[in-house]
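# Descriptive structure summary
Chain residues, written in single-letter form:
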Amino acid sequence: MSIRTRQQPDRRDGRERDGREHGGRERDGREHSGRRMPRWQLLFRYLLLLAVLALTIGPFLWQLSTSLKGPGEDIYRYPPSLVPHEVTLGNYAGVAQIIPVWDFALNSLKVALANVLTNCAGAALAGYALARMRFRGRRAALVVFIMAMLVPVESIMIAQFVTMRELQLNNTLLGVVLPGCIGAMNVLLMRNAFAALPYEVEEAAYVDGANAWQRFVRIALPSVRGTLAVVAIFAFMGAWDDFLWPLIVLSDQSKFTLTIGLNFLHGTFADNQRLVAAGTVIAVLPLIVLFACLQRSFFRGVGEGAVKG
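Residues numbered from 1 in each chain as written. Predicted model: local features only at pLDDT ≥ 70, side-chain atom pairs only at ≥ 80, totals over all residues. Heavy atoms only, no water.

This part takes up the side chain of Gln160. As for its position among the elements, Gln160 is in helix H6 (residues 157-166). For Gln160, a relative accessible area of 17% puts it in the buried group. Ignoring any residue separated from it by four or fewer positions in sequence, one finds Gln160 in contact with Pro179 and Trp245. (Helix = DSSP H or I, 4+ residues; strand = E, 2+ residues; numbered from the N terminus. Buried < 20%, exposed > 50% of the residue type's maximum accessible area, 1.4 Å probe, protein only. Contact = heavy atoms within 4.5 Å.)

Right, let's get into the packing of helix H4 (residues 101-132) against helix H10 (residues 212-223). Contact pair H4 / H10: the axes reach a minimum separation of 12 Å and the direction vectors enclose 110°. For the element pair H4 / H10, the angle class is roughly perpendicular. Contact with H4, carried on its side by Ala124, Leu125 and Tyr128, involves Ala212, Trp213, Arg215, Phe216, Ala220 and Leu221 of H10 and no other residues of that element. (Axes fitted to C-alpha atoms, helices over the stretch in contact; angles between N-to-C directions. Parallel < 35°, antiparallel > 145°, perpendicular 65-115°, else oblique.)

On the surface, a nonpolar cluster with roughly 830 Å² of combined accessible area is contributed by Leu43, Leu47, Leu50, Leu53, Ile57, Leu61, Trp62, Leu82 and Val83. Checked against the element boundaries, Leu50 lands in helix H2 (residues 39-67). (Patch = residues over 30% accessible without salt bridge, like charges linked within 9 Å, V, L, I, M, F, W, Y side chains within 5 Å. Areas by Shrake-Rupley, 256 points an atom, 1.4 Å probe, with all protein chains shown as cover. Salt bridge = Lys/Arg side-chain N within 4 Å of Asp/Glu carboxyl O.)

Glancing now at H2. For H2, spanning 29 residues, the distance from its first C-alpha to its last is 41 Å, which sits close to the expected 42 Å at 1.5 Å a residue. A bend of about 45° at Ile57 is the largest found in H2, and the proline Pro59 appears one to four places after it. Buried within H2 we find Ser65, Thr66 and Ser67. (Expected span 1.5 Å × (residues − 1). Bend = angle between axes of the 7 residues up to and from the residue.)

Taken as a whole and judged by the stated rule, the model has two salt bridges. Of the charged contacts, one joins Arg132 and Glu202 as a salt bridge, the two residues approaching to 2.9 Å between their closest N and O atoms. Taken together, the residues span a long stretch of sequence, with Arg132 in helix H4 and Glu202 in helix H9 (residues 199-207) at a distance of 70 residues. Taken as a pair, Arg132 and Glu202 share a single burial class, namely buried. Overall, Glu202 belongs to the buried group, its relative accessible area being 9%. Residues joined in a network through salt bridges with shared partners are Arg132, Glu202 and Arg215.

Next up on the list: the environment of Leu197. Position of Leu197 among the secondary structure elements: in the loop between helix H8 (184-195) and H9. Put simply, Leu197 and Ala220 are 23 residues apart on the chain and 7.7 Å apart in space, counted from C-alpha to C-alpha. Dropping the residues within four chain positions of it, Leu197 is found in contact with Arg132, Ala220, Ser223 and Val224.

The next point concerns the environment of Pro286. Here Pro286 is to be found in helix H14 (residues 273-304). Residue class for Pro286 comes out partly exposed when judged on its relative accessible area of 27%. Once the C-alpha coordinates of Pro286 and Leu109 are considered, the two residues, 177 residues apart in sequence, prove to be 9.1 Å apart. With residues up to four places along the chain from it excluded, the contact list for Pro286 reads Phe236 and Trp240.

On to H10. The end-to-end C-alpha distance of H10 is 15 Å, a good match for the 16 Å that 12 residues give at a rise of 1.5 Å each. The complete set of buried residues in H10 reads Arg215, Phe216 and Ala220. When H10 is viewed along its axis, its buried side chains cluster within an angular range of 95° and face the same direction. Facing away from the buried side of H10, by more than 90 degrees, are the exposed residues Trp213 and Arg218. Contacts from the buried residues of H10 go to H4, H8 and H9. Sitting at the head of H10, Asn211 places a side-chain oxygen 3.3 Å from the backbone nitrogen of Trp213. (Arc of directions from axis to C-beta. Polar contact = N/O pair within 3.5 Å; in protein donor to acceptor, adjacent residues only side chain to side chain.)

See the structure below:
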């Protein structure tokens, strides 16, 4: 017994030493094999990241710069200037004077918030049922959700319009919300997040007398808040950026969403690209604010709802 007692600290010391060496190699920028990454390969990775960053945020920065340029500044000059010399907010006021942009934005906000609430509630309930409950046809239901993701939205849009017309919901914001109130992708994300939770926690609650609804609300749902944030962001972005379906179902200008309003009256101020850029920034700004508020939960939720291999 004394020999084993003396040998155990040696093994622990070896593991700790290996862990420090492994951590040191990662902090030094080395690969998992222990070799230092070549400088040209590291430089190539950074250049590739910078190129992707420029392609991603470059157009938005250009639109933002154009929206802040004054009327005396040439926006077609060469070489182009990203920093405006005459900064003004008059272009945003000009958009509001030509079209009711804030009314359109309010309609889009109503549709987006309704889409977020219905997707979070419906996807969470359906995902929990598919992941935790045992019922006949559970696998068939899962296959149906997967197949629904493969169907192009444009192929069923006529059927959706006929359905909304029969329900007398055409030319209403409710008719805009209903077809996308629960997304198949969101259901699968929530299902994978619930399936990754350990069963022991819910089994303990079941022994204490908790029913299915109590286990869902008090145990399962708080554990997947990150995935709920992912679903909320996807639902908000999908409803806010949607153009084709609101264009089909809406005919009253007072009920137009922001995407339809900006595009429908695009010819009114097509000669002034500053106003076009200002309208674009107004449409994109709520998405940036939403992602900035939920970014931590978003990245945590991507790992919760990831598909296991």
